[in-house]
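Now for the letters of each chain:
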Amino acid sequence: MKKFLILVVVFFGLQSFAQKTVIVNNFSSLQVTILGLNTIGNNNAVYPSIRSVTPANIIIPAGQSRTMSSPTGSLTQFPYNSTASAMAYTQWRRFTSATTSTTSPNNSGTFTTLYGNGQKFNFVEIRVGTTNWKVGTGLNGSSVTTTSGISGSTSYTVTYTENVIAPGNVQYIIQIN
Amino acid sequence: MKNIIKVFLTSFFIASLISCSNNEESTVVNKSKVDLAKKNVAIQNFRKALIKMSDNRNVLISKTGFDNPVMEKESQDIIYLSAKELLLANGMNENEIFTKCNNNPKAVIGLAYTILAQNNQSTNISNQ
């Protein structure tokens, strides 16, 4: 009976968590290109970091959105297994230093060992017009949480917001107006 | 101790299986209840609210310790009503929204974001 109760508590405890999702909303009149996505450990250390290996850049036409969410429902890992998402990446690279990295398909058996635990979103790299931006948590001195620019005669703003629905259930939203 | 670990691993395995089996479930949609014209209006209204929230960003979004800009209540207030309108237009009723979102405004907004992303429509939107 005791075991059963533990089983029930743990089971429903796990179910109360949900996946993490990255959402890119392009509400501007410009085309936006997603060049890649980067994550880091929950301890905010620079390394190891994990970057998407871009098979082809992901285009977001004006007025459209793209998402990447985990089909695994993992409590600790970021949703790397993104092949079912609109932001589909088939390869990821794990950097342990600026010059040392390994790569693997995100749906391979090495998924867990490659990516480890406690990963979280850091930034997406996007191109608006001819300018590249890293937009995200502002960690590692490499990304911005809000910025603005001009492409031709069209001005735009880029913002980053986190919608923390519950612990472990977060939407990371990048919006281009 | 061994037994507890065994039980934990078993439950984790079962939970993972169920999580995977729910992959196809995105949002609660009763297609027979969806009025497409109404839904399109709701999508546009939600987008406009998101743009308005973004325009008011500097005063409405707080930052946590590591510069994470977290959506706060003022921001929620701007987009909550249009988010709920979108859920209703997508076929959910008040009770379903209450049950699925556990009376959490951020969950309502989260679901609206998901619906928005599933309904990619290129439309020019002014900031007005």
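Each residue is numbered by its place in its chain's sequence as written, counting from 1. Think of it this way: whatever chain is written first is A, whatever ligand is written first is 1, and the rest follow in order. Reporting in this predicted model follows two pLDDT cut-offs: at least 70 for local features of residues, and 80 or more for side-chain atom pairs to be given and counted; totals over whole chains, interfaces and linings ignore these cut-offs and use all residues. Heavy atoms throughout the structure, all of them, feed into the side-chain values; hydrogens and water do not.

## Some remarks on the overall build of chain B
When helices and strands are counted, chain B shows 6 helices and 2 strands. Listing every helix and strand of chain B by position from the N terminus yields α-α-α-β-β-α-α-α. Across the 128 residues of chain B, 38% fall into the buried class. Considering only residue pairs separated by 6 or more positions, chain B has 74% of its internal contacts joining residues 24 or more positions apart. Approximately 7500 Å² of chain B is accessible, and the part contributed by carbon and sulfur atoms is 55%. Secondary structure elements are taken from DSSP: a helix is a run of H or I of four residues or more, a strand is a run of E of two residues or more, and numbering for both begins at the N terminus. The rule is simple: take the accessible area with a 1.4 Å probe, protein chains only, and divide by the maximum for that residue type; under 20% is buried, over 50% is exposed, in between is partly exposed. In this analysis, two residues are considered to be in contact whenever any of their non-hydrogen atoms come within 4.5 Å of each other. Surface accessibility follows the Shrake-Rupley procedure with a 1.4 Å probe radius. Residue values consider only the protein chains on display as shielding.

## As for the pairing of strand β9 (residues 131-136) of chain A
Residues and elements named next belong to chain A. For two strands to be treated as a pair, DSSP must find no fewer than two bridges joining them. Bridge analysis of strand β8 (residues 119-128) against β9 gives 6 bridges, and the strand direction is antiparallel. In the sheet register, V128 faces β9, and the bridge partner there is T131. Counting the residues in the hairpin turn of β8 and β9 gives 2 residues, including G129, whose phi is positive at 65 degrees.

## Focus: the packing of helix α2 (residues 36-55) of chain B against helix α4 (residues 73-89) of chain B
For any two helices packed against each other, the geometry comes down to the angle between their axes and how far apart the axes lie. Residues and elements named next belong to chain B. Across the interface, α2 lies against α4 with an axial gap of 8 Å and an inter-helix angle of 165 degrees. Overall, the two elements α2 and α4 adopt an arrangement that is roughly antiparallel. The two elements α2 and α4 meet at a crossing, and its hand is left-handed. Counting all contacts with α2, which are made through K38, K39, V41, A42, I43, N45, F46, A49, L50, K52 and M53, the residues of α4 involved are S75, I78, I79, S82, A83, E85, L86 and A89. In the scheme used here, Gly and all other residues not listed as nonpolar or charged are polar, with Ala, Val, Leu, Ile, Met, Phe, Trp, Tyr, Cys and Pro taken as nonpolar and Asp, Glu, Lys and Arg as charged. In terms of residue class, the contact of α2 with α4 is made up of 12 nonpolar, 3 polar and 4 charged. The axes used here are C-alpha line fits, helices contributing only the stretch in contact, and every angle between their N-to-C directions lies in the interval 0 to 180 degrees. Put simply, angles under 35 degrees are roughly parallel, angles over 145 are roughly antiparallel, angles from 65 to 115 are roughly perpendicular, and the rest are oblique. A crossing counts as left-handed when the near helix is turned anticlockwise from the far one by less than a right angle, and as right-handed when that turn is clockwise.

## Topic: the nonpolar core
The definition of a nonpolar core used throughout is a set of buried Ala, Val, Leu, Ile, Met, Phe, Trp, Tyr and Cys residues joined through side-chain atoms within 4.5 Å. Among the nonpolar cores identified, the biggest contains 28 residues, and F46(B), L50(B), I79(B), L87(B) and Y113(B) are the most heavily contacted of them. Breaking this core down by element, the ones donating at least two residues are α2, α4, α5 (94-101) and α6 (105-118) of chain B. Residue contributions to this core peak at 8 residues, all from α6(B). I79(B) has contacts with F46(B), A49(B), L50(B), M53(B), M71(B), I109(B) and Y113(B), leaving out every residue within four places of it along the chain. Counting 26 residues, the second-largest nonpolar core is a separate cluster that includes V128(A), Y160(A), V170(A) and I174(A).

## Looking at the pattern of salt bridges
All names here are of chain B. Salt bridges are identified by distance alone: a Lys or Arg side-chain nitrogen within 4 Å of an Asp or Glu carboxyl oxygen. As enumerated under the stated definition, the model contains 2 salt bridges over all chains in all. For D77, the salt bridge identified is with K73, shortest N-O distance 3.2 Å. Placement of the pair is D77 and K73 together in helix α4, with a separation of 4 residues, close to one helical turn. Classification of D77 by relative accessible area gives partly exposed; the value is 45%.

## Observations regarding the confidence of the model for chain B
Residues and elements named next belong to chain B. The score called pLDDT rates the predictor's confidence residue by residue, from a low of 0 to a high of 100. On average, chain B scores 74 in pLDDT, and the residues at 70 or more come to 59%. The lowest-confidence element of chain B is helix α1 (residues 2-21), averaging 52 in pLDDT; the highest-confidence one is α5, averaging 92. Long-range and interchain partners of residues 12-26, a stretch whose pLDDT sits below 50, account for 14 contacts in this model, where long-range means more than four residues apart. We note a pTM of 0.77 for the whole complex and an ipTM of 0.75 for its interfaces.

## Thoughts on the packing of aromatic side chains
Residue and element names in this part refer to chain B. The aromatic pairing rule takes the rings of Phe, Tyr and Trp, using the six-membered ring of Trp, and pairs them if the centres are within 6.5 Å, calling planes under 30 degrees apart stacked, those over 60 edge-to-face and the rest tilted. Considering all chains together, one arrives at 3 aromatic pairs over all chains under this definition. Summarising the aromatic geometry, the rings of F46 and Y113 are spaced 5.6 Å apart at their centres and angled 70 degrees between planes, so their arrangement reads as edge-to-face. Residue F46 is found in helix α2, and its partner Y113 is found in helix α6; the two are separated by 67 residues along the sequence. Overall, F46 belongs to the buried group, its relative accessible area being 0%.

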